[in-house]
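Here's the letter readout for the chains.
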Amino acid sequence: MRLLKQVLGGLMLLASSWGAAAQVWPQTPPTVSVGRIERLEAFPSRYIAARPIDVWLPPGYSPAKRYAVLYMQDGQMLFDASQTWNKAAWNVHVALSKLIAAGTVRDTIVVGIPNNGKYRYSEYYPEKYLALAPAQVRDDYVRRAQWGSTLADAYLRFMVEELKPAIDRKYATRPEAANTFLMGSSMGGMISLYALCEYPQVFGGVASLSTHWVGRPSAWGSPEALQNASLPLAAFNYLRKNLPPPGSHRIYMDHGTVGLDAIYGQYQRFVDAIGSELGYTAANWQSRVFEGTGHGEVDWSARLDTPLAFLLSKD
């Protein structure tokens, strides 16, 4: 029975990975139950492939006010479960609208950036992590996981040089770093934290849920088979030198204890130790473990109020 459960678990992870890789962004904007979505169709870029950008505006959005901005990865999974490959969504609009209405967080708009299907690992695995990995590991990763193209730095330039200026021109934003945030899960959490490190003058905080420290695509095998030393160590060495100084940035990370999330704890503890050594405290660094939760949109949606409240709390 235990072997059967392991096999079924592995098949579910493979299905999840294949579904995410095959995901094509919906041709129509998502439907939301609160607030509204404005879609920027085929947003052009000099750095990465064009894609639609979905912008969620909270109830009562007014150009007369000013709003913080939350940039979220895997944007096609955020709002409308009827459009997603696995029929599950973060429902970020529901969680955030409740927190705004309660006065818990600042007024915020959400910018959903969809991943680019099979090039998700190309865009989301941090380029400078990979540069610190052994050559054999790096070459194999670029060939098998990234289809020969390492695009993370190009993706960050798209966000910083093209998307953010366009959002700040079109909407009533607070453009300074103190009101500009990032969020993602799994590989989306990896690229979000990397963006904060590379552009601390642009982004003021990040929430990385179920951060995929092992780096390897889940299609490569069971959670146990994905574990390795080279890629996490490369990430640790980069973060030790490049995390922004504590005091002006907020960092949130978490993981569950079931399925793929069950292997993250040992790596997350090392990252937490790095943050502590650099001087981060509970005021600006939060690391949480959610017992009994796994690696999917239903899990992240259930605890979304926690990172939102930490990241977007009113000063």
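Anything mentioned here points back to the structure above.
Anyway, here's the lowdown on the structure attached to this text. (Residues numbered from 1 in each chain as written. Predicted model: local features only at pLDDT ≥ 70, side-chain atom pairs only at ≥ 80, totals over all residues. Heavy atoms only, no water.)

### With respect to the packing of helix H6 (residues 152-170) against helix H7 (residues 187-198)
And then number 1: In contact at an axis separation of 11 Å, H6 and H7 are set at 70 degrees when each is read in the N-to-C sense. Comparing their axes, H7 and H6 come out roughly perpendicular. Both H6 and H7 take part in a crossing whose hand is right-handed. Residues Ala 152, Asp 153, Tyr 155, Leu 156 and Met 159 of H6 pack against Ile 191, Tyr 194, Ala 195 and Glu 198 of H7. (Axes fitted to C-alpha atoms, helices over the stretch in contact; angles between N-to-C directions. Helix = DSSP H or I, 4+ residues; strand = E, 2+ residues; numbered from the N terminus. Parallel < 35°, antiparallel > 145°, perpendicular 65-115°, else oblique. Left-handed = near helix turned anticlockwise from the far one by under 90°. Contact = heavy atoms within 4.5 Å.)

### With respect to the packing of aromatic side chains
And then number 1: Scanning all chains against the criterion turns up 16 aromatic pairs.
And then number 2: For the pair Tyr 129 and Tyr 194, a centre-to-centre distance of 5.7 Å together with 70 degrees between the ring planes defines the contact as edge-to-face. Separated by 65 residues along the polypeptide, Tyr 129 in helix H4 (residues 127-130) and Tyr 194 in helix H7 bring together distant segments of the chain. Here Tyr 129 matches Tyr 194 in class, with each residue buried.
And then number 3: Following the ring pairs from residue to residue traces out a cluster consisting of Tyr 125, Tyr 129, Tyr 141, Tyr 194, Trp 220 and Tyr 238.
And then number 4: Sitting over the ring of Trp 147, Lys 118 keeps its end group 4.0 Å from the ring centre. (Phe/Tyr/Trp six-rings, centres within 6.5 Å; stacked < 30°, edge-to-face > 60°. Buried < 20%, exposed > 50% of the residue type's maximum accessible area, 1.4 Å probe, protein only. Lys NZ or Arg CZ within 6 Å of the ring centre and 35° of its normal.)

### Section: the pattern of salt bridges
And then number 1: On inspection of all chains with the given rule, the structure shows 14 salt bridges.
And then number 2: With a shortest N-O distance of 3.2 Å, Arg 46 and Glu 162 are connected by a salt bridge. Here the residue Arg 46 occupies a position in the loop between strand S1 (36-43) and strand S2 (51-57), and Glu 162 occupies one in helix H6, the gap between them amounting to 116 residues.
And then number 3: A relative accessible area of 12% means that Glu 162 is categorised as buried.
And then number 4: Asp 140 is paired through a salt bridge with Arg 144; the nearest N and O atoms lie 3.0 Å apart. Of the two residues, Asp 140 and Arg 144 both sit in helix H5 (residues 135-144), four residues apart, roughly one turn of that helix.
And then number 5: Taking the relative accessible area as the measure of exposure, Asp 140 reaches 23% and is therefore partly exposed. (Salt bridge = Lys/Arg side-chain N within 4 Å of Asp/Glu carboxyl O.)

### Thoughts on the pairing of strand S3 (residues 68-72)
And then number 1: Counting buried positions over the five residues of S3 gives five, a clear majority of the element.
And then number 2: Along S3, one buried face is formed by Ala 68, Leu 70 and Met 72 and the opposite face, lined by Val 69 and Tyr 71, is buried too.
And then number 3: Where S3 meets strand S4 (residues 108-112), five bridges bridge the pair, whose relative direction is parallel. Opposite Leu 70, over in S4, you have Val 110 as the bridge partner.
And then number 4: Pairing of S3 with strand S5 (residues 180-185) involves four bridges; the strand directions are parallel. Paired with Leu 70 across the bridge in S5 is Phe 181. (Pairing = 2+ DSSP bridges.)

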